[in-house]
Amino acid sequence: MHAFTRGWVLAYATEPPGPGEVRGAAGRWLACRPAGGRLDDPVLLRHLLWIAVATGKPLQLHAGTGDPAALAGFAARTAGLGTDLVLLHGYPDHRHTARLTGAFPHVHADLGPVLARTGARAAAVLAEILELAPFGKLLFSSGAQALPELHVVAAGVFRAALDRVLGEWVGDGAWSRTDAQRVATMIASGNARRVYGLAG
């Protein structure tokens with residue numbers, strides 16, 4: 001699993017850079033970088049992005065930090081290569097992220113970072129995502145960082161949002177309780193186990 005936090009690099013990622021371009025960029029970056037400095041060269045980031053795609057392992061992309069059109073272009077370019085893309089931090093572009101999961105078989109959306117940032121609106125945002133994304137493409141994670149307690153809080157927010165949305169649909173007669181339980185299990189654990197190849 002690889003995660004790329006600089007979404008803007010996708011604008012230049014429709015093709016991997018050539019060997020000469022990579023060597024030149026690496027030489028310039030090594031000569032000028034400060035001690036402990038972060039890698040921020042777009043050519044090298046593009047190179048690493050395509051190396052990650054070549055591994056065939058799920059590739060996490062921070063979708064909320066870049067250009068949605070560039071993300072769609074990268075998804076189109078990587079279709080059929082055998083690497084799943086898992087989009088993180090889709091909010092406030094969560095509708096676009098949800099559409100991408102429906103448009104490309106290898107694109108999935110991680111709900112944790114989205115719901116962790118929407119607080120009281122979590123159920124409404126989740127309902128919008130469920131209206132557009134295939135249920136088998138949505139993965140729960142806590143999206144939490146730092147304090148361990150935040151993982152517990154995030155799980156509670158997710159559970160409450162999912163219960164509210166699916167409960168309303170069951171109450172309205174749109175879904176059966178069996179369908180709601182099946183989809184809840186898929187999103188809560190089943191989809192992540194499948195995408196990341198986890199046992200059990």
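About the thresholds
Residues numbered from 1 in each chain as written. Predicted model: local features only at pLDDT ≥ 70, side-chain atom pairs only at ≥ 80, totals over all residues. Heavy atoms only, no water. Salt bridge = Lys/Arg side-chain N within 4 Å of Asp/Glu carboxyl O. Helix = DSSP H or I, 4+ residues; strand = E, 2+ residues; numbered from the N terminus. Buried < 20%, exposed > 50% of the residue type's maximum accessible area, 1.4 Å probe, protein only. Phe/Tyr/Trp six-rings, centres within 6.5 Å; stacked < 30°, edge-to-face > 60°. Lys NZ or Arg CZ within 6 Å of the ring centre and 35° of its normal. Expected span 1.5 Å × (residues − 1). Contact = heavy atoms within 4.5 Å. Core = buried A, V, L, I, M, F, W, Y, C linked by side-chain atoms within 4.5 Å. Axes fitted to C-alpha atoms, helices over the stretch in contact; angles between N-to-C directions. Parallel < 35°, antiparallel > 145°, perpendicular 65-115°, else oblique. Left-handed = near helix turned anticlockwise from the far one by under 90°.

Draft legend 1. Layout of the pattern of salt bridges. Per the stated rule, a full pass over the model turns up four salt bridges. In this structure, Arg77 and Glu15 form a salt bridge, with 2.9 Å as the shortest nitrogen-oxygen distance. Separated by 62 residues along the polypeptide, Arg77 in helix α3 (residues 68-78) and Glu15 in the loop between β1 (2-4) and α1 (19-32) bring together distant segments of the chain. Owing to a relative accessible area of 31%, Arg77 belongs among the partly exposed residues under this scheme. Salt-bridge contacts for Glu21 lead to Arg46; the nearest nitrogen and oxygen are separated by 3.6 Å. A residue pair is termed long-range when its members are at least 10 positions apart, and Glu21 in helix α1 and Arg46 in helix α2 (residues 42-55) qualify at 25 residues. For Glu21, a relative accessible area of 36% translates into the label partly exposed.

Draft legend 2. Up close: the packing of aromatic side chains. Taken as a whole and judged by the stated rule, the model has four aromatic pairs. A ring pair is formed by Trp169 and Trp175, whose centres lie 5.1 Å apart and whose planes are at 55°; its orientation type is tilted. For the pair shown, Trp169 and Trp175 are each scored as buried. Three or more aromatic residues joined by ring pairs make a cluster, and in this case those are Phe135, Trp169 and Trp175. When the ring centre of Trp29 is taken as origin, the NZ or CZ atom of Arg33, which lies over that ring, is 5.2 Å away.

Draft legend 3. Structural view of helix α7 (residues 149-171). With 23 residues, α7 ought to run about 33 Å at 1.5 Å a step, and its terminal C-alpha atoms sit 32 Å apart, in line with that. Listed as buried for α7 are Ala154, Phe158, Ala161, Leu162, Val165, Leu166, Trp169 and Val170. Of the surrounding elements, those touching the buried residues of α7 are α5 (112-116), α6 (122-132) and α8 (177-196). At the C-terminal side of α7, Gly173 shows a positive phi close to 85°.

Draft legend 4. Geometry of the nonpolar core. Counting residues in each nonpolar core, the largest one holds 25 residues, and the members touching the most others are Leu111, Leu126, Ile129, Leu130, Leu138 and Ile187. For this core, the elements supplying multiple residues, two or more each, are α5, α6, α7 and α8. Not counting the four nearest positions on each side in its chain, Leu126 is found in contact with Leu111, Leu115, Ala161, Leu162 and Val165. Counting 18 residues, the second-largest nonpolar core is a separate cluster that includes Val9, Leu49, Phe74 and Leu100.

Draft legend 5. Structural view of the packing of helix α4 (residues 94-103) against α6. One can describe the packing of α4 onto α6 by two numbers: an axis separation of 8 Å at closest approach and a directional angle of 30°. Comparing their axes, α6 and α4 come out roughly parallel. Once α4 is placed against α6, the crossing between them reads as right-handed. Contacts between α4 and α6 pair His94, Arg95, Ala98 and Arg99 from the former with Val125, Glu128, Ile129, Glu131 and Leu132 from the latter.

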